[in-house]
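Fold and geometry: a report
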Amino acid sequence: MTEPPGRRERKKAATRQKIADTALRLFLERGYDAVGIRDVAAEADVAVTTLFSHFASKEALVFERDDDFEQRLIQAATGRAPHEPLIPALRREILALVRHCTADSAAPIWHMVDGSPTLREYEESMRLRHAESLATAIAADPGLSRTTTACRTIARFVIDAYSLAREAADPQAAVDEIFRMIEAAWEVT
């Protein structure tokens, strides 16, 4: 059983969330490029050093759930039931993530990301990192016995499935279509 976070951890988490919420509000109100780190820190009533102790960059403020996303995918691969196949577990998690990211409330954020070359580049680097982390988790599973190349390929397909489905007119249909291809690719490796 995990212990609940202590007071210090709760305060750190609250400060982090306050910074992220403030940044997102300012970015959506004024435009991503029109808001600086100092603006976010001042509006959140924290020092710039405090902001940087929670976020490595301005781009990271937009993708503040990046680590959660990556951990959810790894957990889907490593935390599945003993005889549950890998690909359906990953499909289920990608579908949940796509549903979250295609909610009406997320539309302005994705519009901002899609309109910013800096944010698109940052998102691409995140996807590559997520794919490598997922590939490592898949490769570490002794029950799967696939080559490193196969694990990396499937991980990239899974990460790309998220992006493609998020942009599709019918995200669920896109996830279904893409995962049929992923399943077929996994079976031949």
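Anyway, here's the lowdown on the structure attached to this text. (Residues numbered from 1 in each chain as written. Predicted model: local features only at pLDDT ≥ 70, side-chain atom pairs only at ≥ 80, totals over all residues. Heavy atoms only, no water.)

We now examine the packing of helix α5 (residues 66-78) against helix α8 (residues 117-139). At their nearest, the axes of α5 and α8 sit 9 Å apart, and the two run at 25° to each other. As the angle between them shows, α5 and α8 are arranged roughly parallel. Like other packed secondary-structure pairs, α5 and α8 cross with a definite hand, here right-handed. Where α5 approaches α8, its residues D66, F69, E70, L73, I74, A77 and T78 are matched on the opposing element by M126, R129, H130, S133, L134, A137 and I138. (Axes fitted to C-alpha atoms, helices over the stretch in contact; angles between N-to-C directions. Helix = DSSP H or I, 4+ residues; strand = E, 2+ residues; numbered from the N terminus. Parallel < 35°, antiparallel > 145°, perpendicular 65-115°, else oblique. Left-handed = near helix turned anticlockwise from the far one by under 90°. Contact = heavy atoms within 4.5 Å.)

Let's shift gears to the layout of surface pockets. What the largest pocket holds in volume is close to 650 Å³. Along its surface, the largest pocket is lined by 27 residues, and V62, R65, H100, C101 and W110 are the ones closest to its centre. If you list the elements that add at least two residues to the lining of the largest pocket, you get α1 (7-30), α4 (58-62), α5, α6 (86-101), α7 (107-114) and α8. Along the lines of polarity and charge, the residues of the lining of the largest pocket split into 15 nonpolar, four polar and eight charged. (1 Å grid on protein atoms, 1.4 Å probe; cavity = no way out; pocket = protein on both sides within 12 Å on 5 of 7 lines; lining within 4 Å. Points joined across faces, edges and corners; volume = space filled by probe spheres on them. Nonpolar A, V, L, I, M, F, W, Y, C, P; charged D, E, K, R; others polar.)

Turning to the packing of aromatic side chains, a few remarks are in order. Applying the stated rule across the entire model yields four aromatic pairs. Ring geometry for F27 versus Y32: centroids 4.9 Å apart, planes at 65°, classification edge-to-face. For F27, a relative accessible area of 2% translates into the label buried. What links up through ring pairs into an aromatic cluster is the set F63, W110 and Y122. We note R146 situated over the ring of W186; from NZ or CZ to the ring centre the distance is 4.1 Å. (Phe/Tyr/Trp six-rings, centres within 6.5 Å; stacked < 30°, edge-to-face > 60°. Buried < 20%, exposed > 50% of the residue type's maximum accessible area, 1.4 Å probe, protein only. Lys NZ or Arg CZ within 6 Å of the ring centre and 35° of its normal.)

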